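Summary of structural features
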Amino acid sequence: MSKQTALKRAGKQCELCGAPGYPQEYTIPFSEGIKEDQASVAVCERCMLEINRNPLDTDHWMCLQSSAWSPHAPVQVLAYRILRQIDDEDWSLNLLDSMFMEADTKAWAEQGENEEASNCADCNGNPLYAGDTVTVVKDLPVKGTGFVAKRGTAVRGISLTNNPMHIEGKVNGTRVVLLTKFVKKQN
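Not measured: the values here are computed from a predicted model.

This paragraph deals with the nonpolar core. The biggest cluster of nonpolar side chains holds 31 residues, and the ones touching the most others in it are Leu16, Val43, Ile51, Trp61, Leu64, Leu78 and Ile82. At the level of secondary structure, the elements contributing two or more residues to this core comprise strand 2 (40-43), helix 2 (45-51), helix 4 (73-85), helix 5 (90-98) and helix 6 (103-110). Of all the elements, helix 4 adds the most residues to this core, at seven residues. Not counting chain neighbours up to four residues away, the residues in contact with Trp61 comprise Leu16, Cys47, Glu50, Ile51, Leu56, Ile82, Ile86 and Trp91. By size, the runner-up hydrophobic cluster in this structure holds 17 residues, among which are Val134, Phe147, Leu160 and Val176.

Of the volumes computed, that of the second largest pocket is approximately 580 Å³. Along the walls of the second largest pocket sit 22 residues, with Val142, Lys143, Arg175, Val176 and Val177 positioned nearest its centre. Every element with two or more residues in the lining of the second largest pocket is listed here: helix 5, strand 4 (140-141) and strand 9 (174-179). Of the residues forming the lining of the second largest pocket, the biggest block, six residues, is contributed by strand 9. Residue classes in the lining of the second largest pocket are distributed as nine nonpolar, six polar and seven charged.

Calculation rules
- Counting restarts for each chain: residues are numbered from 1 in the order of the written sequence.
- Where local features are concerned, this predicted model is filtered to residues with pLDDT of at least 70; where side-chain atom pairs are given and counted, the filter is 80 or more; whole-chain, interface and lining totals use all residues.
- Think of the side-chain values as coming from all heavy atoms in the structure, minus any hydrogens and water.
- We call a set of buried residues a nonpolar core when its members are Ala, Val, Leu, Ile, Met, Phe, Trp, Tyr or Cys and they connect through side-chain atoms within 4.5 Å of each other.
- Categorising residues by exposure relies on relative accessible area from a 1.4 Å probe, with only protein chains included: less than 20% of the type maximum marks a residue as buried, more than 50% marks it as exposed, and the intermediate range marks it as partly exposed.
- Starting at the N terminus, helices and strands are each numbered in turn, a helix being any DSSP run of H or I of at least four residues and a strand any DSSP run of E of at least two.
- Only heavy atoms matter for contacts: two residues are in contact if any of them lie within 4.5 Å across the pair.
- Only protein atoms enter the calculation, which uses a 1 Å grid: trapped sets of points that fit a 1.4 Å probe without letting it out are cavities, open sets showing protein on both sides within 12 Å along at least five of seven lines are pockets, and any residue with an atom within 4 Å of a point is a lining residue.
- Grid points are joined across faces, edges and corners, and a volume is the space filled by probe spheres set on the points.
- Amino acids outside the nonpolar list (Ala, Val, Leu, Ile, Met, Phe, Trp, Tyr, Cys, Pro) and the charged list (Asp, Glu, Lys, Arg) are all regarded as polar, and Gly is one of them.

Okay, structure coming up:
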């Protein structure tokens, strides 16, 4: 395969936002074990600028509501990673919850999360990693819902955010953001 696989696959449109034109190839970082020609996505100039912006423009990334369902693994991976960076938007959390990826694609999407979050720690200073199970150490009212996350509630399979003081997980079937100072890692 040539190095321009994504550009051939996309034709003349961005694989993220669907904008017509002549996209450029973006190679996805943290793609260990993935062939270089299979670890890229065709993106327009605007998406390329937005990928590198900090903080991300959440209004622009609403386009991921379509591209998250792409049949192409690299597009799914990049959409997943961008959505993980938008940790304060309900629509992005809902989209993440509903996304379906094969197990190997999900593992690829999560590559680098542990490296990026080495400074994420629980209330006792224990490092937290994606997939860990934590226990809530204090009753916490959950904003936007009518319930309280009770002390002792286990939150399994946490996800890390770009903020080392926040983690995400499901409590009572609802995806929530928790402050790391109020959780304890289970062994």
